[in-house]
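This is what each chain is made of:
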Amino acid sequence: MTKPNLLSGMQPSAGSLHLGNYLGALVNWAGMQDDYNAYYVIVDLHAITSPQKPAELRTNSRRTAAQYIAAGIDVTKSALFVQSHVPAHAQLAWVLNCITGFGEASRMTQFKDKSQKAGADSASVGLFTYPILQAADILLYQPKAVPVGEDQRQHIELTRDLAMRFNARFGDTFTIPEAVILKETAKIYDLQNPTAKMSKSTADPKGLVNIMDDNATILKKIKSAVTDTEGIIKFDREAKAGVSNLLGIYSAISGRSIESIEGEFEGAGYGVLKAEVANVVIAAIEPIRERTQELMSDQNELDRLLAEGADKANEVAEATLAKVYDAIGFLKAAK
Ligand code: ATP
Ligand code: LTN
């Protein structure tokens, strides 16, 4: 039986992925590779919806790729590629722009949030059409499943609407994808501000553990994580956000239940819990960091792997785009 297709993507908008990206997304992506024919895309076209320095964008795209591979994306099983290497993304996005309502696009909450942060005059038209480019990313690969965080649900809904609209107007062309929303337990919070999610765009770097942080830095950040003065190790997201976050991290990495971890630390102080959490985080991250550095030291090999991924992606993407162009009535160029 052929496996169903899967697609997901991440922006190369930082020099390092953080523990939230790793536990909330990458671990799951790696785990789905055997059951799906998976496409993982580093979305550089999306990254430029907010200003990027060219040299940094280049480095960050490679580093993101290296971290995906180091964290378990197996390029012999899955296609790992850079969005700008597959021209069909921008081409299909244009077509989808033309069947998206202006009002419909205006309702996307991520645009409202991000444009507010940027200020009305500095938000670009690219930021406005971001979700439509994301729909193109997805629909080109005819995936059944799109694993994403809860924050992406609205974009996947728009993608489904556009696919159904296109199919109804021009004939069956796209598979209607389903969002696979990753579990709430895998949501990791900021160490300094444990009611906000751990996020690349946070001002205070002490709150996030980066995959590229060295062991001493990780230990220091976890030791200074905000907790409370009660001194009891118990999971309670409302009343004890900091301690619950540490327990959540421990549970996500070890695969053990929260109850069994609470049991283990009964009567112990926060210092003991923090030291143990730091241990498991370092044990998980150190090999990924080292493998990333190894991959980054051979840029030619990394670029070659990405070129192979782009070949696999282009094959599928071009076939879908040709169907789309034909369905809407574009002439085929004479040979
Ligand atoms: P930003 O921090 O700028 O909002 P981000 O860190 O959320 O960006 P994205 O590129 O938007 O990173 O997300 C990549 C993937 O990582 C998404 O699937 C997202 O749901 C997941 N993710 C991001 N932060 C967390 C978190 N704190 N806990 C769990 N998963 C997360
Ligand atoms: N918007 C997503 C990144 C993204 C994506 C995609 C995810 C771009 N294209 C296609 C899934 C499928 C984000 O910010 N996490």
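That block above? That's the structure.
Asker: I keep staring at the site of ligand 1 and nothing clicks. Help me out?
Answerer: Close to ligand 1 lie 17 residues, the nearest being His18, Ile188, Lys197, Ser199 and Lys200. Here a nitrogen atom of ligand 1 and a backbone polar atom of Gly20 are 3.2 Å apart. Within the backbone of Ile188, one N or O atom sits 2.7 Å away from a nitrogen atom of ligand 1. Considering every element that reaches the shell around ligand 1, the biggest residue donor is helix 1 (residues 19-31), with 4 residues. Here the shell around ligand 1 is composed, by residue class, of 5 nonpolar, 8 polar and 4 charged.

Asker: Teacher, can you tell me more about the packing of aromatic side chains here?
Answerer: Aromatic ring pairs are described here by two measures, namely the spacing of the ring centres and the angle between the planes. Under the counting rule described, the total for this entry stands at 10 aromatic pairs. A ring pair is formed by Trp29 and Tyr40, whose centres lie 5.1 Å apart and whose planes are at 10°; its orientation type is stacked. With a gap of 11 residues between them, Trp29 in helix 1 and Tyr40 in strand 2 (residues 37-42) connect regions that are remote in the sequence. Residue class for Trp29 comes out buried when judged on its relative accessible area of 2%. Taken together through their ring pairs, the aromatic side chains of Trp29, Tyr40 and Tyr68 make up a single cluster.

Asker: What's the story with the nonpolar core in this structure? I'm lost.
Answerer: Inside soluble globular proteins, nonpolar side chains tend to come together where they are buried. In this structure, Leu19, Tyr40, Tyr68, Ile222 and Val281 are the most contacted members of the largest nonpolar core, which totals 55 residues. Per element, the largest residue contribution to this core is 10 residues, and it comes from helix 13 (residues 270-297). Setting aside residues up to four positions removed in sequence, Leu19 forms contacts with Gly24, Ile188, Met198, Val209, Ile249, Val281 and Ile285. One finds Ile99, Leu127, Ala136 and Leu162 within the second-largest nonpolar core, a separate group that totals 40 residues.

Asker: Help me out: how do you make sense of the environment of Gly329 in this one?
Answerer: By the element assignment, Gly329 lies in the segment after helix 14 (299-328). Given the relative accessible area of 56%, Gly329 is considered exposed. On a C-alpha basis, the gap between Gly329 and Phe170 in space is 9.3 Å, while along the polypeptide they are 159 residues apart.

Conventions adopted
Residues numbered from 1 in each chain as written. Chains lettered and ligands numbered in written order. Predicted model: local features only at pLDDT ≥ 70, side-chain atom pairs only at ≥ 80, totals over all residues. Heavy atoms only, no water. Near = heavy atom within 4 Å. Polar contact = N/O pair within 3.5 Å; in protein donor to acceptor, adjacent residues only side chain to side chain. Helix = DSSP H or I, 4+ residues; strand = E, 2+ residues; numbered from the N terminus. Nonpolar A, V, L, I, M, F, W, Y, C, P; charged D, E, K, R; others polar. Phe/Tyr/Trp six-rings, centres within 6.5 Å; stacked < 30°, edge-to-face > 60°. Buried < 20%, exposed > 50% of the residue type's maximum accessible area, 1.4 Å probe, protein only. Core = buried A, V, L, I, M, F, W, Y, C linked by side-chain atoms within 4.5 Å. Contact = heavy atoms within 4.5 Å.

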